[in-house]
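Okay, here's what each chain looks like letter by letter:
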Amino acid sequence: DIQMTQSPSSLPASLGDRVTITCRASQDIGNYLRWFQQKPGKSPRLMIYGATNLAAGVPSRFSGSRSGSDYSLTISSLESEDMADYYCLQSKESPFTFGAGTKLELK
Amino acid sequence: EVQLVESGGGLVKPGSSLKLSCVASGFTFSSYGMHWIRQAPKKGLEWIALIYYDSSNKYYADSVKGRFTISRDNSKNTLYLEMNSLRSEDTAMYYCANMPGWGQGVMVTVSS
């Protein structure tokens, strides 16, 4: 099975900060990587698909990138509404696997 | 607008069975692969099953393989998850998704 190692598990940050969350794939997954945002008590929301493509309605301060087997989600200037949990998901092959999640919180 | 509405959850005893449903609207259901994903209380997301748009292929997480069955009825725009031999570790919120869209989730609690 493909393992997705997500870091950090917790990320204290201030409003206006540039923040980056990373997932490392244990095998080649190409660009079969999505990022989801989940707020407390809510369903996850797709933010990025195909590693670098912004989902519909997602603010342009969010971006996705890839460097080899490392995939990153970056928020260029943190806003209060971005405080949430974030998860990566590889969909290259079954079983699909999520990263363990990153809790983004105010410092 | 994509709408996915799950139902069928509840409190059951270990070893019991339960069948979840997910009614879809706002998109061409018969053109999309559909997933079930779950989230145990205060834990992360766990993908558990995928069914192709035409039911030609089904895939499962090892944790549910042989106990859970994913199916769909394209004439009813409905996705199903039949869960057998339920265990306490199956306690979770269960979501259906076509990724991008997700349902609101349905809670399944397995406890004696």
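Read on for an overview of the structure. (Residues numbered from 1 in each chain as written. Chains lettered and ligands numbered in written order. Predicted model: local features only at pLDDT ≥ 70, side-chain atom pairs only at ≥ 80, totals over all residues. Heavy atoms only, no water.)

Quick word on the sheet that holds strand S1 (residues 3-7) of chain B
Residues and elements named next belong to chain B. Rule in force here: What makes two strands pair is DSSP finding at least two bridges between them. Helix and strand definitions follow DSSP, with helices as H or I runs of at least four residues and strands as E runs of at least two, each counted in order from the N terminus. Interaxial angle, 0 to 180 degrees, is taken between N-to-C directions of lines fitted to C-alpha atoms, where a helix line uses only the stretch in contact.
With respect to topology, four strands assemble into an open sheet ordered S1-S3-S8-S7, the strand pairing being antiparallel. At either margin of the open sheet sits one strand with a lone partner, and together these are S1 and strand S7 (68-73). On average, adjacent strands in this sheet sit at an angle of 15 degrees to one another, irrespective of strand direction. Sheet topology places S1 next to strand S3 (residues 18-25); five bridges connect them, and they run antiparallel. Note on S3: the bridge partner recorded for Val-5 is Val-23.

Looking at the pairing of strand S9 (residues 85-90) of chain A
Residues and elements named next belong to chain A. Under the convention used in this document: For the exposure calls, accessible area comes from a 1.4 Å probe over protein chains only, and a residue counts as buried if that area is under 20% of its type's maximum, exposed if over 50%, partly exposed in between.
Counted residue by residue, S9 has five buried out of six residues, so it is predominantly covered. In the sheet, S9 pairs with strand S11 (residues 102-106) via two bridges, with the strands oriented antiparallel. Within S11, the residue paired with Asp-85 across the bridge is Lys-103. Note: S9 against strand S10 (residues 97-98), two bridges, orientation antiparallel. Directly across from Leu-89, in S10, lies its bridge partner Phe-98.

Focus: the sheet that holds strand S3 (residues 19-25) of chain A
All names here are of chain A. Strand order in this open sheet of four strands is S1-S3-S8-S7, and the pairing throughout is antiparallel. The outermost strands of the open sheet, each flanked by one partner alone, are strand S1 (4-7) and strand S7 (62-67). Here the average twist between neighbouring strands, direction ignored, is 20 degrees. When S3 meets strand S8 (residues 70-75), the two strands line up antiparallel, connected through six bridges. Counterpart to Arg-24 in the pairing with S8 is Asp-70.

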